[in-house]
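Chain residues, written in single-letter form:
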Amino acid sequence: NYIQTYNSTVELTNAFKGSKLRTDIEGPLKERRVQALERIARDIELSYFFGVKNKSAGAGGATYYTGGITNSIDSTANGSLSLNGAGGTGVSLANFKSWLEEFMTVGSDAKLAFAGPKAYSALSNFANSESNGFRITGSETVFGMNIQTILTPFGEVSLAMHPLFKEIAEYNDWMVVCDLPMLVQKYMEPLFLEPNIQTPGQDSYKEQFRAKYGLKLKFAEAFGYAYDLQKITA
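Per chain, residues are indexed from 1 in the order of the written sequence. With the structure being a predicted model, the display of local features is reserved for residues of pLDDT at least 70 and the display and counting of side-chain atom pairs for 80 or more, all residues being used for whole-chain, interface and lining totals. Only hydrogens and water are set aside when side-chain values are computed; all heavy atoms of the structure are taken into account.

Novice: How would you explain the pairing of strand S7 (residues 135-142) if you had to name every residue and give the values?
Specialist: Pairs of strands are assigned from DSSP output, requiring at least two bridges between the strands. Secondary structure is summarised from DSSP: a helix means a run of H or I of at least four residues, a strand means a run of E of at least two, and numbering begins at the N terminus for each. The pairing of S7 with strand S8 (residues 145-152) spans seven bridges and is classified as antiparallel. Looking at the pairing, Gly138 lines up with Thr149 of S8. The hairpin formed by S7 and S8 contains two residues between the paired strands, and Phe143 there has a positive phi angle of roughly 50 degrees.

The following block contains the structure:
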């Protein structure tokens, strides 16, 4: 995979500094730093899930993009690792179990599933019926996320609703199942704040958060993803 450069800019005009920062030097700058940090964290997370590995040539040199989990799964050419949930019509239990079996039976015994609200509801509601080998065995809250432990016929899944999947409508019905021990983050430059990057003489102050990260899946066949997953029909 490739290492991707991420950045998020913080900027204050000198006019703003002169009129607003006399009594609160750090306040507005701190707020913008928080916003920039949230932006770069969002960019990194989205690329780790859905980024497409790519090298783009340019006048200043090549730009590299890291491939995310779904891209790595697709690169295996094993179409059974992805599942079309058929939206409101619902996916049959047989197809859902076949999808789970494809990746749950390799790699680690327990996996972590990040889901949007619709996909989360589909699996949680079905497991709550305690039929066909599915049942909920517990729940806990980790870093503000509620995680349900679900026993499936092929192993244990920790189901969590990911905030980004919830906020972005396109991913409300997506589920990405990860084998955490098989997931490695590579980096050339850890996330840091670079101050004073404005052009000399420019009527503003700039700084940026920057990082150079990449994602590696040791064994992509141990991962799976579903889209348009809204209902499981027995």
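From this point, the narrative continues.
Novice: I'd like a rundown of the nonpolar core, residues and numbers included.
Specialist: Residues belong to one nonpolar core when they are buried, are Ala, Val, Leu, Ile, Met, Phe, Trp, Tyr or Cys, and are joined through side-chain atoms within 4.5 Å. Type-normalised accessible area, obtained with a 1.4 Å probe on protein chains alone, sets the label of each residue: buried when under 20%, exposed when over 50%, and partly exposed for intermediate values. Among the nonpolar cores identified, the biggest contains 61 residues, and Ile69, Phe96, Trp99, Phe165, Met175 and Leu229 are the most heavily contacted of them. The biggest single contributor to this core is helix H2 (residues 27-50), with eight residues. Beyond its immediate chain neighbours, meaning those up to four positions away, Phe96 contacts Leu83, Val91, Leu123, Phe134, Leu229 and Ile232. By definition in these notes, contact holds between two residues if any of their heavy atoms fall within 4.5 Å.

Novice: Outline the environment of Phe114, listing residues and values.
Specialist: Structurally, the position occupied by Phe114 is in strand S6 (residues 110-115). Relative accessible area serves as the criterion here: at 13%, Phe114 is assigned to the buried category. C-alpha of Phe114 to C-alpha of Trp174: the two residues are 60 residues apart in sequence and 8.3 Å apart in space.

Novice: Can you lay out the pattern of salt bridges for me, pointing to particular residues and giving the numbers?
Specialist: Between side chains of opposite charge, a pair can form as their charged atoms come close. The salt bridge criterion pairs a side-chain nitrogen of Lys or Arg with a carboxyl oxygen of Asp or Glu, the two atoms within 4 Å. With the rule as written, the count across this model stands at four salt bridges. The salt bridge partner of Glu207 is Arg33, with a shortest N-O separation of 2.4 Å. Taken together, the residues Glu207 in strand S12 (residues 204-217) and Arg33 in helix H2 connect sequence positions 174 residues apart. Glu189 is the salt-bridge partner of Arg210, the closest N and O atoms lying 2.8 Å from each other. Pair noted here: Arg210 is in strand S12 and Glu189 is in strand S11 (residues 183-194), with a separation of 21 residues, a long-range link. The structure contains a network of salt bridges with shared partners spanning Glu189, Glu194 and Arg210.

Novice: Any chance you could break down the environment of Ala94 for me, citing the residues and the numbers?
Specialist: You can see Ala94 is positioned in helix H4 (residues 93-104). Ala94 gets classed as exposed once you look at its relative accessible area, which sits at 53%. Separated by 13 residues in sequence, Ala94 and Leu81 place their C-alpha atoms 15 Å apart.

Novice: Which residues make up unusual backbone geometry, and what values do they have?
Specialist: With the exception of glycine, most residues fall at negative phi, and the peptide bonds are largely trans. With a phi angle near 65 degrees, Ala86 is a residue other than glycine that sits in the positive phi range. Among the structural elements, Ala86 can be located in strand S4 (residues 82-87). Judged by its relative accessible area of 35%, Ala86 is partly exposed.

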